Amino acid sequence: MSEQTTASAPWPDGVIARYLTVVDATVDVRGGGDYASMTCLGCGLHYSAFNETRTRELAQGHAEKCRAMPRPAMTA
Ligand SMILES: [Zn+2]
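As for the coordination of the zinc ion
Working step 1: Taken together, the protein donors to the zinc ion comprise C40 (SG), C43 (SG), H62 (NE2) and C66 (SG), at separations of 2.0 to 2.4 Å.
Working step 2: Here the zinc ion binds 4 donor atoms, and the angle range of 102 to 119° at the metal identifies the geometry as tetrahedral.
Working step 3: Positions of the donor residues of the zinc ion along the chain correspond to the pattern C-x2-C-x18-H-x3-C. Here C66 lies in the segment after α1 (52-65) and C43 lies in the loop between β3 (35-40) and β4 (46-50), a separation of 23 residues in the sequence.
Working step 4: By relative accessible area, which is 40% here, C43 ends up partly exposed.

See the structure below:
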């Protein structure tokens, strides 16, 4: 059985931090310093108005409670 999970997949370019949600999606943080952004790959939540420290906090907090599933590549 393959164990290729989201957590072990290569990070996209520009991602500086990544938080795993309870449903195996990730919240990716890009940028740094005064201008960072985060995107939840589960529900699509996006913030880009905060610095890196605050953005990391938001991303981690969101990852702990987000239960949205990533949109499947193929729909039935
Ligand atoms: Zn989310």
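We are not done yet, so read on.
Considerations on the packing of aromatic side chains
Working step 1: According to the stated counting rule, one finds 1 aromatic pair in the structure shown.
Working step 2: With a centroid separation of 5.9 Å and 75° between ring planes, the pair formed by Y47 and F50 is classed as edge-to-face.
Working step 3: Given the relative accessible area of 33%, F50 is considered partly exposed.

Quick word on the pairing of strand β2 (residues 26-32)
Working step 1: Note that strand β1 (residues 15-20) and β2 share 5 bridges and pair antiparallel. Residue pairing in the sheet places Y19 in a bridge with V27 of β2.
Working step 2: Once β1 ends, the chain turns through 5 residues before running back antiparallel as β2, passing D24 with a positive phi of about 70°.
Working step 3: Two elements, β2 and β3, share 6 bridges in a ladder whose sense is antiparallel. Bridging across to β3, V27 finds its partner in C40.
Working step 4: Linking β2 to β3, which pair antiparallel, is a turn of 2 residues; within it G33 sits at a positive phi near 65°.

Thresholds applied
Residues numbered from 1 in each chain as written. Predicted model: local features only at pLDDT ≥ 70, side-chain atom pairs only at ≥ 80, totals over all residues. Heavy atoms only, no water. Donors = N, O, S within 2.8 Å, 3.2 Å for Na, K, Ca; no water. Tetrahedral: all angles 85-135°; square planar, octahedral: opposite > 155°, others 65-115°. Helix = DSSP H or I, 4+ residues; strand = E, 2+ residues; numbered from the N terminus. Buried < 20%, exposed > 50% of the residue type's maximum accessible area, 1.4 Å probe, protein only. Phe/Tyr/Trp six-rings, centres within 6.5 Å; stacked < 30°, edge-to-face > 60°. Pairing = 2+ DSSP bridges.

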